[in-house]
Structure formats: C-alpha cells, structure tokens
Amino acid sequence: MTTQASDGAFAEVKAKVDLVKVVQEHVRLTKRNAGFWGLCPFHQEDSPSFKVNPQMQSWYCFGCERSGDVFTFVELIEKTDKRGALQMLAERAGVELRKLSPDQKERADLRKRILDMLKLAAQYYEYVLWKMPAGEPGRRLLESRHVGEETARRFQLGYAPAGRGFAEYLRAKKRSLVDAQEAGLMRRDGTDFFAERLVVPIRDERGQVLAFTARTVRQDEQRKYINSPEGPTYIKGRVIFGLDLARDEIARRGHAVLMEGQFDVITGHQFGVTNSVASSGTALTDDQVRLLKRFTDELLLVFDADRAGRDAARKAAALAAHTGMRTRVATVPDAKDPDEFLRAGGAEALQRWQEVMDRAPSGFEAGVAEFAAGLNPSNSNSVETVGARLRDWIRQFPANLHEAYAELAERKTGISRHLLLRDPEPAPARPATNGARSRGPAKIVTPSHYLVQLLAVRPGAFDRLHGRLTPQELDEDDRGIYVRMLESYERRGPAGLEAELVGYPPEEQDLIRRAWAAPPPNVDDEVAVELAERIRLEHMKGMHSGIIRQLSEAERGRDSERVAQLEAEARELARAITDMERRG
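Parameters and conventions
Along each chain, numbering runs from 1 in the same order as the chain's sequence is written. Restriction of local features to residues with pLDDT of at least 70 applies here, the model being predicted, together with a cutoff of 80 or more for giving and counting side-chain atom pairs; totals for whole chains, interfaces and linings are based on all residues. Excluding hydrogens and water, the side-chain values take into account all heavy atoms of the structure. Pairs of strands are assigned from DSSP output, requiring at least two bridges between the strands. Helical segments are the DSSP runs of H or I of at least four residues, strand segments are the runs of E of at least two, and each set is numbered from the N terminus. Any two residues having at least one pair of non-hydrogen atoms within 4.5 Å are treated as being in contact. Note on geometry: axes are lines fitted to C-alpha atoms, helical ones only across the stretch in contact, with angles between N-to-C directions running from 0 to 180 degrees. Whenever a carboxyl oxygen of Asp or Glu lies within 4 Å of a side-chain nitrogen of Lys or Arg, that contact is scored as a salt bridge. Relative accessibility decides the category of a residue: with a 1.4 Å probe and only protein chains considered, values under 20% of the type maximum give buried, values over 50% give exposed, and everything between is partly exposed. We call a set of buried Ala, Val, Leu, Ile, Met, Phe, Trp, Tyr and Cys residues a nonpolar core when their side-chain atoms join them within 4.5 Å. For the purposes of these results, a polar contact is taken to be a pair of N or O atoms within 3.5 Å, where, inside protein, one atom must be able to donate a hydrogen and its partner to accept one; residues adjacent in sequence count only when each atom of the pair is a side-chain atom. Pairing of aromatic rings covers Phe, Tyr and Trp, the last through its six-membered ring, and needs centres within 6.5 Å; plane angles under 30 degrees mean stacked, over 60 mean edge-to-face, and all others mean tilted. Whether a charge sits over a ring depends on NZ of Lys or CZ of Arg being within 6 Å of the ring centre and within 35 degrees of the ring normal.

J.: If you had to explain the sheet that holds strand 4 (residues 58–61) to someone new, which residues and values would you point to?
T.: Strands sit in the order 1-2-3-4-5 across an open sheet of 5 strands; the sheet is antiparallel. The sheet is open, and its two borders are formed by strand 1 (30–32) and strand 5 (67–68), each paired with just one other strand. Where strand 3 (residues 50–53) and strand 4 come together, 4 bridges link them in antiparallel fashion. Pairing of Val52 across the sheet is with Trp59, part of strand 4. This element, helix 3 (residues 70–78), spans strand 3, strand 4 and strand 5 of the sheet and lies at about 55 degrees to strand 4.

Written as structure tokens, this is what we have:
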C-alpha cells in the first residue's frame, strides 16, 4: 500500500488553496496595487502592516516581521503544527493525504459518519431545548444555574427528552439508526441514551462535536452525569472542554483558567471568565497540557476545594512544569467549586473572582503551603516530616528547578534548603519472607494509618470503635495490624499490645514503636471515633463509585436486570452516605 509523499502532499494542497481566501477568513484585507493589506492578526496595531502577495502566495508583516506561506499562516492562526495545518488545508482542498487500505477506509468512513451524527444530534438537542415544550426541564435547570440563553447557545447546550424522539427525527431524515448507536446516542430499543438530561457537547479546539456529557434533571436519578463512550472520534484525555470558545481570550489575556467540570466553565463564561476551560473531571494529561501550550504558557488552576481537587491541582502543576508552562493555583473561598462561587457572587461575582485570582500563588508555592501546614519549627519530628514532604514535592518538578525551589521553600518554611535537597535516606533493610532483603518508602499518613498509630498509643480507644468500623473498611495495608492489635487488646486489655508485640511481624513492630516514640498530634477517644467515621464514609463513597461504574457497563451491555439491581444498590448506599454526612 503506497502513501503519498510528504513533499508532494504539501505541493498539491498549496496548488489548490488560495492564500488570500484563507487569510480573509481571519483578517479584513484591502487591495492596494498588486497586494492585499490588513491589520496583522499576530500582534496589536492601529494601521495595516500585514501584506499578502497573491502572486507569490506569501505574506509578510512589516510590524512584527513574521512571514510565511499558507501553511505557516494556518499554523499560527490555528495554534497547530505543520501536520495539523496540512490536514486542515487538505480537507478544504479535497486532497486525500494517503491511500487507505480497505480496513483503514472503513474506519475513516465510520469516524466521518459518527462525526456527522454527533453534529446532527447537537442540532436536534438544541432545537428541543429552545423550541419545544419538552425542553422545559432543561430551561428550568439553566435558569436555576444562572446560565442565560446567549451563553447556553454559545456552548450549543441542548435537551434530550424522554422516549424515542431522536430516533423518529432520524427516520424522518432517512438517517441510520445504527450510526446513532455507534455514536453512543441511542440504545438498541430506540430510546435516547441521554433521555431527560441537559446535553453538553464536547467539542475540539476547532468547534467540532466529538462527544456529549449530560446532566440529569431528575431528583431521584443517582447518576448526575453520564458521558459518551470513548471511540473513533473521542479520547477524553486529548480534549479540553471550551477551548474553541476560549482560545482567543486566552491569547489576549496571556493565560488560561483551567477548571475541573464543564458547568464550572459554562458558569465562568456567563460571568465573564471567558478564558476558562476544563479538563472535564479527569486528571490532566500530557496530551491536554501540550494542546493548551499551543495557546498559552501559563495556567491558572481553579479546581474544586476538596482534597481531590487539591491533589489534582498539585499533579497538574508538576505536569505542566515539565512542558515549560507556568502555573498558579487559586482556591475559591466559601464554595465547593468555581460554579458555586460565581453564582453566589451575583453582580459582584467578577470583581470577587478577580480579587481571588490576583492572590493566587504559583503552583509550587501552593503545594509548599499545603505540605507545611501545621509545621512546628521547634519540634524536630515536625521539621523532618514536613521536610520529607517538601523533598518529594520538589522532586516532582524538572531537575533544573530544584535549587531555586528549595531556596523558595526555605524562605517560606525556614527549613534548610540543604535538608530539602538531600537524597532520601533508604528505609531500613528488613528480612523478607523469602529471606531476601527489602526496602520500602515511608508510608503516607492516611486516616486509616493515622488511626492505627493512635490505637498503638491509646489501645483503650478500641472500646469506642465497637460497631463503628470493620477491618475491611480500612486501607488494605492497615487491616492486618489493626486486627492483630484488636486481638491483643481483647485478650489482655490495654497492656496486651506491649506484652504480645514481640510476636508481630518486624515491620508492624517498627510502626508501633515509632508511634510510641513520636505519637500523632491528637490522641484521644473522640479523635479515634472521628477517624473511624471518616474511614467508613470514604469506604462507602468508594463502593458507591464502583457501583456507578458497574451500572454504566451494565447499561452499555443492555443488561436491564443488572441495571435495575445496581440502581437499587446505588440508591440505598447514597441514602446511607447522605445520612452520615448530615450527622457529621
């Protein structure tokens, strides 16, 4: 199978595309003598210095001194690479870049049909939302979220009614229902996959619909959002939500505001934060960072205020640094996410937002502040614990930043940069079960691990945990030692742990002796109860997330009996979680 030579492809496309027409889509040109003149799209100017030569099919700016041909122009204006510019212009010119095998052609045809179906679906959903009585629940939801029609139409929001409306629409247009199923829009029985949901198109940086996410309008629906499956048109980790709308404002302001959720971005645009985009609730990927770098070198990270959001912001800051991007991290006060913060601000929302953003520290500094919280400079154990966290944090960034970041962390915490830059000490070698020697990293202090340390110091707290916690709810690494400590306590009371410690595995003996030597900050029965409730709640939330994942798989597999069973389990668990959160 032959492939069209690269040079030949560029030459054929260039021969079939008129530079003047391409430029006129972005710049207002005026003919002057043999050339065309306009304001340069690549820098700010008041008088035209951008010239297009139609004979030479070239352009030059006398102001910023940039120049090139049609490919260079598209690369710069679309923030793409040379291959991307070739692909865009080849589609425009009708040039097939390479000859495809039958299998490749089938996949390419399927992708095109799915993209066409997604575009049609977006138009249908938008029409239902604004023109049909069936769209009323979607309109009410937007009103409750303070999203106006102008903003909603920019994002092409829509509504999927109950029933088989989309299937009937496709039949009327003589379109394939099979393609709708392939696109993840319809179940086999003809009902809409997104029925009774506000539908949000996921578009690429050029505005092409690749997938959908959809929010329920029903109070009794456990799954707030459902999403299109990944497939020929859509890989979640390669798409940035809202980039097609925000790209110009990102270039103008010099930075992008990166949020977690689609509604954060929609609300952001409603209130004037029009350079906001989202990673769509997924951990930021290298592909997404590289896509954003086409448009800016700085990201302002505004993730959810919970622990998961803070963790995601730290990971994003470190990842971005490896591609040469700067980051800042903002935390919105008195709100769980940007959406809630902006809606609560009313007429002063944008001013309040800007005040918070102006105070945002760098991504590295935000991590330092979080890891150093509770530092007691007069306590050597506290200094060593925080120092170890900061050492690990510094190492997550490129090596050429380590010295500067250690000095910055020293200024913020008072911990010597030499301590922050030293190589980590290896863990003591211990006999493994097979007789080999093993080493392991220091254990992260999770609520589960904290509880184990507390019980090592105050075993009498086991009495308060009766009926509140089972070993299965703890982290897997902590279950064994918890059970052994509990059994020692039940056999011999508070003195049982010390009396039987010699029979514990060596690593558990070390853990308990370290807890005795350096107890955790708060050691009392009430803290033990609080930790147990937190552990149980997180365990229940994890179970609920697992059920929701199984539910999505069962639904894709059209297993109606399994779907009904999982929905009942999810509802029961959700009620239990809500009850626990209210009590807490």
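J.: Talk me through the sheet that holds strand 6 (residues 158–160); I want residue IDs and the actual numbers.
T.: Here we have 4 strands laid out as an open sheet, ordered 6-7-8-9, and antiparallel in their pairing. On the outer flanks of this sheet lie strand 6 and strand 9 (225–227), each paired with one strand and no other. Strand-to-strand twist of the sheet, defined as the mean angle between neighbouring strand axes without regard to direction, takes the value 35 degrees. Sheet analysis places strand 6 next to strand 7 (residues 197–203), joined by 3 bridges and oriented antiparallel. If you follow Gly158 over to strand 7, its bridge partner there is Val199. Along the sheet, helix 6 (residues 136–144) makes contact with strand 6, strand 7 and strand 8 (209–216), crossing strand 7 at roughly 75 degrees. Its contacts with the sheet place helix 11 (residues 262–270) against strand 7, strand 8 and strand 9, and it is angled at close to 85 degrees to strand 7.

J.: Provide a residue-level description of the pattern of salt bridges, including the pertinent values.
T.: Per the counting criterion, the structure on display carries 37 salt bridges. Linking Arg343 and Asp339 is a salt bridge whose minimum nitrogen-to-oxygen distance equals 2.9 Å. Placement of the pair is Arg343 and Asp339 together in helix 14 (residues 338–345), with a separation of 4 residues, close to one helical turn. The class for Arg343 is partly exposed, based on a relative accessible area of 21%. Overall, the relative accessible area of 3% leaves Asp339 in the buried class. Among the charged side chains, a network of salt bridges with common partners joins Arg310, Asp311, Arg314 and Glu370.

J.: Let's hear about the nonpolar core: which residues, and what values?
T.: Core analysis: the largest hydrophobic core is formed by 63 residues, its most contacted members being Tyr125, Leu142, Phe166, Leu185, Phe194, Phe212 and Trp353. Apart from the residues within four sequence positions on either side, Trp353 is in contact with Val257, Met259, Val273, Val302, Val332, Pro338, Phe341 and Leu342. Membership of the second largest hydrophobic core comes to 29 residues, among which are Leu29, Cys40, Ala85 and Met88.

J.: Tell me about the environment of Leu301, and please be specific about residues and values.
T.: Along the polypeptide, Leu301 turns up in strand 12 (residues 298–301). Separated by 11 residues in sequence, Leu301 and Ala312 place their C-alpha atoms 9.4 Å apart. If near-sequence neighbours (up to four positions away) are discounted, Leu301 is found in contact with Leu258, Ala313, Ala316, Ala317, Thr327, Arg328, Val329 and Ala330.

J.: Quick rundown of the side chain of Arg197? Include the residues and the values.
T.: Take Arg197: it is sitting in strand 7. You can call Arg197 buried: its relative accessible area is 5%. In this structure the side chain of Arg197 is engaged in a polar contact, spanning 2.9 Å, whose partner is the backbone oxygen of Arg223. Contacts of Arg197, omitting those with residues within four sequence positions, involve Gly158, Tyr159, Ala160, Ala214, Arg215, Thr216, Glu221, Arg223, Lys224, Tyr225 and Ile226.

J.: Can you lay out the packing of aromatic side chains for me, pointing to particular residues and giving the numbers?
T.: Under the defined criterion, the tally for this structure stands at 27 aromatic pairs. Ring plane angle 75 degrees and centroid distance 4.9 Å describe the contact between Phe10 and Phe71, whose orientation is recorded as edge-to-face. Note that Phe10 is positioned in helix 1 (residues 6–16) and Phe71 in helix 3, a separation of 61 residues in sequence. Using a relative accessible area of 15% as the deciding quantity, one classes Phe10 as buried. Taken together, the ring pairs in this structure connect Tyr124, Tyr125, Phe166, Tyr169, Phe193, Phe194 and Phe212 into an aromatic cluster. Its guanidinium or amino end placed over the ring of Phe36, Lys31 lies 5.7 Å from that ring's centre, counting from NZ or CZ. When the ring centre of Trp37 is taken as origin, the NZ or CZ atom of Arg32, which lies over that ring, is 4.7 Å away.

J.: Tell me what's going on with the pairing of strand 2 (residues 35–38), and back it up with residues and numbers.
T.: Working note: regular strand, side chains alternate between the two faces of the sheet. The side-chain alternation of strand 2 yields two buried faces, one formed by Gly35 and Trp37 and the other by Phe36 and Gly38. Of the pairings in the sheet, the one linking strand 1 to strand 2 comprises 3 bridges and is antiparallel in character. Within the sheet, the bridge partner assigned to Arg32 lies in strand 2 and is Gly35.

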